[in-house]
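Here is how the chains run, residue by residue.
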Amino acid sequence: MSKVLLGDVAEERRETCKGNKDGYPTVGLEHLTPEEITLTSWDEGSDNTFTKMFRKGDVLFGRRRAYLKKAAVAPFDGICSGDITVIEAKPNYLLPELLPFIIQNDALFSFAVEKSAGSLSPRVKWEHLKSYEFELPNMDKQRELAELLWAMDDTKKSYQQLIAATDELVKSQFIEMFGDPRNNPYGHTCRPLSAISEIMSGITKGRKIKGTRTIDVPYICTANVQDGYVDWTEKKYMPATEEEISKYSLLCDDVLIIEGGDPDKVGRGCLAGTLPDPCIYQNHVFRIRVDKDLISSEFLAAYLLLPSTKKYFLSCAKQTTGIATINKKQLSDLLVMFPDSIAQNDYIAFVRQSDKSKFELEQAFSELTATYKRIISEQLG
C-alpha cells in the first residue's frame, strides 16, 4: 500500500458535446443524491445548456456545495451540468470499479469543502481535488475491496427497499381498512382539521426580547421534522421567556407539520414523540393538538403520510425559488377522514408493529453503513 494523489490515478474528463445532443440523458446536481453512489434519476429530452460529456463508469462529483456529499457513478454516456466534475480512473494505476468509493469518502468531501471558494455557493476545482492524498493498495487488493464494497452497497440498497416497502404497506393498509379518503367509499366522518384540533405556529427565532429573564431551551425547527419522526441528530437551543415557554411548549402527542420545503416534501409531518422538557418549536412549524374525543394523535400523524394528503398539500402550496409553502388557512381546510375509535386503535396497532419492524431495519442499515464507511476510511484513507 502506498500514498498517492488523486491526480496520479484519476483525471478530469474535459470532453464536450459540440454536435447534436439528442439521445443523450442529462444530469444536473439535483439528480445526485447525497451519500448515494448509484445514479437513480436523470432527464431525457429536456432543453438545457449543458455541454459537458461523461462516459459510462465515470464518477460525477458535485463540485458546488461539496458538503452535500454528492457523487455517483454514471451508468451510461451523457451530458451533465457545469457544476459537476467528471472524473475517470487511469486504469493502469486504479481499478475503475474502486474509484467511486475513493470519491464517496468523508475524508475527500472534507478536503473538497476546505478547498472550496465562494461564500453563497462555494465550488471546488479539479485543480485542488487532484491534490487529495490517500492510501492505495495494489491491484489485487483493489479488486478484493471493490468486490466487497459493491456487495455491501447492494445490501444497503436492499435494506432501503425494505424500509420503503414497510412505509408503503402502512399506507396500503389504511386504504384497505378505510378506503381512499378522496372518495370515502365507507362514509366515515370527515371534518376540516381546524374542527378537530387546535393549530398554532411556533415562536420566531430572531424576535427581540427586552428586559425579561430568559433561559436557553431546545426547539424543533423544520429540519427536525421528518415524515414519520423527529430527527434529533442536531439539537438546537434558543432563549425564551417563561411566558413563551408556557405558550409554545410541546407535548409528546402533539402532531407537527412544516409549512415549507422541497415541493415533493411540503407538509412533512410526524408525532412529536419523546421530547426534552421543556421543548418549544419554531414559527415555520405548525403544532396540532387534537380533540382526543374525536381522533387519535397517532392516527392523524399516519393520515398525514397518505398520498392523498400529500397531494392536497402540493396542490395548494405556493412555490417560489424551488420552495413550496402552505399557510395556516390551507392546513386548517385539510379534510380529515376518521373512523370510530375502535377502528382507529386497530390501525394504530398495525402502524406500531410496522414501525417496530422498520426500526429494526433502520438499525441494521445504520450498522452496515458504519462498517462500510469504516472500511473505506481504513483501506483508502
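Heads up: these notes are all about the structure in this document. Nothing here was measured: the structure is a model prediction, and the numbers come from that model. Residue positions are given per chain, counted from 1 along the sequence in the order it is written. Per-residue local features are limited, in this predicted model, to residues with pLDDT of at least 70; the limit for side-chain atom pairs, both in listing and counting, is 80 or more; totals at the level of whole chains, interfaces and linings are taken over all residues. Heavy atoms throughout the structure, all of them, feed into the side-chain values; hydrogens and water do not.

1. Concerning the overall build of the protein chain
Strands here mean DSSP runs of E at least two residues long; helices mean DSSP runs of H or I at least four residues long; both are numbered from the N terminus. Regarding its fold elements, the protein chain presents 11 helices and 23 strands. In terms of principal-axis extent, the alpha carbons of the protein chain reach across some 70 × 60 × 40 Å. Relative accessibility thresholds used throughout: buried, under 20% of the residue-type maximum; exposed, over 50%; partly exposed, between the two (1.4 Å probe, protein chains only). In the protein chain, which comprises 381 residues, the proportion classed as buried is 46%. Contacts are assigned to residue pairs that have any heavy atoms within 4.5 Å of one another. Within the protein chain, contacts between residues separated by at least 24 positions form 78% of all contacts whose residues are at least 6 apart in sequence. With residues, only the protein chains shown are counted as cover, and all accessible areas are computed by Shrake-Rupley using a 1.4 Å probe. Total accessible area on the protein chain stands at roughly 19700 Å², and carbon and sulfur atoms take up 49% of it.

2. Structural notes on the environment of Leu32
Within the element layout of this structure, Leu32 appears in the loop between strand E3 (26-27) and strand E4 (52-54). Measuring from C-alpha to C-alpha, the distance between Leu32 and Gly62 comes to 7.6 Å, with 30 residues separating the pair along the chain.

3. Quick word on the sheet that holds strand E7 (residues 78-80)
Two strands qualify as a pair provided that DSSP identifies no fewer than 2 bridges between them. The three strands are arranged E3-E7-E4 in an open sheet whose pairing can be described as mixed. Lying at the two open borders of the sheet, with one neighbouring strand each, are E3 and E4. Relative to E7, E4 runs antiparallel, the two sharing three bridges. The partner of Lys52 across the bridge, within E7, is Cys80.

4. What to know about the environment of Ile87
Tracing the chain through its elements places Ile87 in strand E8 (residues 84-89). Among the residues examined, Ile87 registers a relative accessible area of 0% and is labelled buried. Along the chain, Ile87 and Lys130 lie 43 residues apart, while their C-alpha atoms are 10.0 Å from each other. Those residues in contact with Ile87 that sit more than four places away from it in its chain are Ala10, Glu11, Asp58, Val59, Phe61, Leu99, Ile103 and Trp126.

5. As for the nonpolar core
In terms of nonpolar packing, the biggest core is built from 38 residues, with Leu6, Phe61, Leu98, Leu99, Ile103 and Leu149 touching the most fellow members. When residues of this core are assigned to their parent elements, the largest contribution, five residues, is made by helix H11 (residues 341-380). When neighbours within four sequence positions are excluded, Leu99 is seen to be in contact with Leu6, Ala10, Val59, Ile87, Glu88, Ala89 and Leu94. In plain words, nonpolar cores are sets of buried Ala, Val, Leu, Ile, Met, Phe, Trp, Tyr and Cys residues tied together by side-chain atoms within 4.5 Å.

6. Observations concerning the side chain of Thr241
On the secondary structure map, Thr241 appears in the loop between strand E15 (236-240) and helix H7 (242-248). Contact partners of Thr241, with chain neighbours within four places excluded, come to Ile209, Thr212, Arg213 and Thr214.

7. Examining helix H9 (residues 307-316)
Residues Ser308, Thr309, Lys310 and Phe313 constitute the buried set of H9. If you follow the buried residues of H9, they end up packed against strand E16 (255-258), strand E18 (269-271), helix H8 (297-303) and helix H10 (328-332).

8. Side note on the sheet that holds strand E12 (residues 215-220)
What the three strands build is an open sheet, ordered E15-E12-E19; its pairing is mixed. Sheet topology places E15 and strand E19 (280-281) at the edges, where each strand pairs with a single neighbour. Where E12 lies against E19, two bridges are found, and the strand directions are parallel. The residue of E19 that forms the bridge with Ile220 is Tyr281.

9. Things to note about a nonpolar patch on the surface
There is a patch of nonpolar side chains on the surface, built from Tyr67, Leu68 and Val113 and spanning about 270 Å² of accessible area. Look at Tyr67 and you get partly exposed, because its relative accessible area is 49%. Candidate patch residues must exceed 30% relative accessible area and have no salt bridge, after which like charges are joined if within 9 Å and Val, Leu, Ile, Met, Phe, Trp or Tyr side chains if within 5 Å. The salt bridge criterion pairs a side-chain nitrogen of Lys or Arg with a carboxyl oxygen of Asp or Glu, the two atoms within 4 Å.

10. Describing the side chain of Gln330
Topologically, Gln330 is positioned in helix H10. With residues up to four places along the chain from it excluded, the contact list for Gln330 reads Tyr312, Cys316 and Thr325.

11. A closer look at the pairing of E16
Where burial is concerned, the two faces of E16 agree: the one with Val255 and Ile257 and the one with Leu256 and Ile258 are both buried. Inspection of the sheet shows E16 paired to E18 by three bridges, in the antiparallel sense. Bridging from a neighbouring strand, Ile257 pairs with Gly269 of E18. Bridging between E16 and strand E20 (residues 285-290) involves four bridges; their strand directions are antiparallel. The residue of E20 that forms the bridge with Val255 is Ile288.

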